[in-house]
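# Structure at a glance
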Amino acid sequence: MSTTLLSFLLSYFFIYHTFASAKCLQDQQSLLLQLKNNFTFDPQFSTKLKLWNENTACCNWSGVTCNNEGHVIGLDLSQESIYGGFDDSSTLFSLQYLQKLNLAYNYFNSSIPSGFRKLATLNYLNLSNSHVVRNIPMEISKLTRLNFQGNQLQGPIPRSLFHCSSLEVLDIGSNQIIDHFPCFLNEIPKLSALVLRNNRFHGSIQCSENKPWKSIQIVDIAFNNFNGKLPTQYFKTWERMIYDENVAHDINYNMSRDYPYYHDSVTVTCKGQRQDLVKILTIFKAIDFSFNSFEGRIPLSLMDFKALYVLNFSNNGLTGEIPSSIGNMKQLESLDFSNNSLFGEIPVQLSNLSFLSYLNLSFNNLVGKIPTGTQLQSFPTSSFEGNRGLYGPPLDEIPIGETEDLHPQPACEKLACSTEWNFLCVEFGFVFGLGMIIGPIMFWKKWRVRYWKLLDKILCRIFPWMHLEYATKRGKTYTVLRW
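Notes on the structure follow. Source: prediction; values computed, not measured. Residues take numbers from 1 onward in each chain, read along the sequence in its written order. Two thresholds apply to this predicted model, a pLDDT of at least 70 for residue-level local features and 80 or more for giving and counting side-chain atom pairs, whereas whole-chain, interface and lining totals are computed over all residues. To obtain the side-chain values, all non-hydrogen atoms of the structure were used and water was disregarded.

### Describing the overall build of the protein chain
Test applied: The numbering of helices and of strands both runs from the N terminus, where a helix is a DSSP run of H or I of at least 4 residues and a strand a run of E of at least 2. Exposure classes here rest on a 1.4 Å probe applied to the protein chains alone. A residue is buried below 20% of its type maximum, exposed above 50%, and partly exposed in between. Any two residues whose heavy atoms approach within 4.5 Å are treated as being in contact. Accessibility throughout is a Shrake-Rupley quantity obtained with a 1.4 Å probe, and a residue counts as covered only by protein chains that appear here.
Summing up its helical and strand segments, the protein chain has 6 helices and 30 strands in all. Each of the 483 residues in the protein chain was classed as buried or not, and the buried ones make up 47%. For the protein chain, the proportion of contacts with a sequence separation of at least 24, taken over those separated by at least 6, is 54%. Carbon and sulfur atoms provide 57% of the accessible area of the protein chain, an area that totals close to 25,300 Å².

Next comes the structure, spelled out in structure tokens:
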């Protein structure tokens, strides 16, 4: 019986494989071979295109996906060292059944062709790190998943995306886009991931109409020039981050029953390190507002985000105390408030976050003793350094500045303490004048950040080949000016 069953299964798989191989339509194979001939690529580094040939059915080619009728619906030509042939005349735009297209990590050095308007069924497009330049074309506004990260695209974001009601993922990070915060995107009901990091966005994120973002779960606007206060009412509409893990999972399952995962890659800063999420879990939630110029207090409405995994407000100008209600964020795994102007004591409720595995509160104005008997002692000293009034394990037991001077200086004699006032007046004037310029830059963080940002902009305008990038060293992220 087992031998008969095994023979049947082998015969079935053989017949199925033969049938599937024969499913490739001749016109589809011809179009792909023309596409290969149109593209200019380096065979030495190609792992897919160089293997395409007419002796094999196209549905079995590496990087090609077909439907049951033999039409090409998916094309993955990422990392193929393509450096030419990507224009409106390409036979790529004759693949009328194409749904997913991945051309990431190539060397096109051209603008995005307008021919995408011919691909009526295309819903996923990945052109990340492909050296595409100029503006984002209007023709891509019908897609649902867009990844243009790591190119030289310039602003602004096309307002035609307003009509893209099915857009779920938009990643335009690490480009040269100049624009205000795209408030019109909150009109898109299914938008779940928004990545604007490392561009030239500026101004406030406050929108005139506070419409709800019910599906948003990843917001990354780090390394821009956003400023102003964080609007409290704004975050109350981000409903998907409020529910705890179990509730959020049920909601996401009902909203995305056919897609338990998003088949997209998004890069986020998690636990102090840059991480590529090749597949975004529908329960993953992250907010990264780092390296901007936000000011004011941390909004209390954020503390209701029970489903949030990553929160990064580092390198801004935030003031006030850390809210004690932060203990409500039960799912939080990574928290970074470093390089701000926060003051007060560390709330003991922070120790209630049992999943917290990365914490950075360094370089603020926090005071008092670090809550003891909690997991906070398991974090390294670098998580708390730069707070002169903070003490207790893992820092020293006595705060800096509270030790008595054990060696007082003796009183000076009358002649030894005499002063040449004419000489000192000149010195005082010079020091005072210099202090009026250098002092704010050295001791006022807001001035210092704005000074260096202004200097970077001036250098980038004088030398067009210079650009800003981010770099991570020892768990900290910095902006670096590159040639």
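### Focus: empty space enclosed by the protein
Rules: A 1.4 Å probe that fits into a set of points on a 1 Å grid over the protein atoms alone but cannot get out defines a cavity; an open set with protein on both sides within 12 Å along at least five of seven lines defines a pocket, and lining residues are those with an atom within 4 Å of a point. Grid points are joined across faces, edges and corners, and a volume is the space filled by probe spheres set on the points. Residue classes follow a fixed rule: Ala, Val, Leu, Ile, Met, Phe, Trp, Tyr, Cys and Pro count as nonpolar, while Asp, Glu, Lys and Arg count as charged, and any other residue, Gly among them, counts as polar.
Across all of its chains, the model carries 4 cavities of 30 Å³ or more by this definition. Considering only enclosed or pocket space, the largest cavity measures out at about 50 Å³ in volume. Here the lining of the largest cavity is composed, by residue class, of 5 nonpolar, no polar and 3 charged.

### Focus: the pattern of salt bridges
Applicable threshold: Whenever a carboxyl oxygen of Asp or Glu lies within 4 Å of a side-chain nitrogen of Lys or Arg, that contact is scored as a salt bridge.
Summed over all chains, the structure comprises 7 salt bridges. Residue R145 pairs with E168 through a salt bridge whose shortest N-O separation is 3.0 Å. One end of the pair, R145, is in strand 9 (residues 145-147); the other, E168, is in the loop between strand 10 (152-154) and strand 11 (169-171), and 23 residues separate them in sequence. The pair R145 / E168 is uniform in exposure class, with both members buried. Residues D179 and R159 are paired through a salt bridge, measuring 2.8 Å at the closest nitrogen-oxygen approach. With D179 in the loop between strand 11 and strand 12 (193-195) and R159 in the loop between strand 10 and strand 11, this residue pair connects regions lying 20 residues apart in the sequence.

### Details of the nonpolar core
The condition is simple: What we call a nonpolar core is a set of buried Ala, Val, Leu, Ile, Met, Phe, Trp, Tyr and Cys residues that are connected through their side-chain atoms within 4.5 Å.
Counting 98 residues, the largest nonpolar core has L75, W238 and F289 as the members making the most contacts within it. Among the secondary structure elements, those contributing two or more residues to this core are helix 2 (26-38), strand 2 (64-66), strand 3 (72-76) and helix 3 (232-235). Non-local contacts of W238, meaning those with residues more than four positions away in its chain, are made with W213, I216, V219, I287, F289 and F305. Ranked by size, the runner-up nonpolar core spans 7 residues in total, among them V169, A193, F284 and A286.

### Overview of the sheet that holds strand 6 (residues 110-111)
Quick note on the threshold: At least two bridges found by DSSP between two strands is the condition for calling them paired.
Taking strand neighbours across the sheet as the criterion, the 3 strands line up as 6-8-10 in an open arrangement whose pairing is parallel. The sheet is open, and its two borders are formed by strand 6 and strand 10, each paired with just one other strand. Bridge analysis of strand 8 (residues 132-135) against strand 10 gives 3 bridges, and the strand direction is parallel. Note that in strand 10 the partner of R134 across the bridge is L153.

### Digging into the sheet that holds strand 27 (residues 365-369)
In spatial order, the strands read 25-27-28; together these 3 strands make up an open sheet with parallel pairing. Two strands in the sheet have a free side with no partner beyond their single neighbour: strand 25 (343-344) and strand 28 (389-391). Here strand 25 pairs with strand 27 via 2 bridges, running parallel. Across the sheet, residue G344 finds its bridge partner in strand 27, namely L366.

### So, unusual backbone geometry
Of note, the amide linkage connecting G155 to P156 takes the cis form, showing an omega dihedral of -5°. Within the secondary structure, P156 sits in the loop between strand 10 and strand 11. Here P393 and P394 are connected by a cis peptide whose omega angle stands at 10°. Note on placement: P394 falls in the loop between strand 28 and helix 5 (421-443).

### Overview of the environment of T372
As for its placement among the helices and strands, T372 is situated in the loop between strand 27 and strand 28. With a relative accessible area of 45%, T372 lands in the partly exposed category. C-alpha separation for the pair T372 and V348, spaced 24 residues apart in sequence, amounts to 8.8 Å.

### Thoughts on the pairing of strand 8
Two elements, strand 6 and strand 8, share 2 bridges in a ladder whose sense is parallel. Note that in strand 8 the partner of S110 across the bridge is V132.

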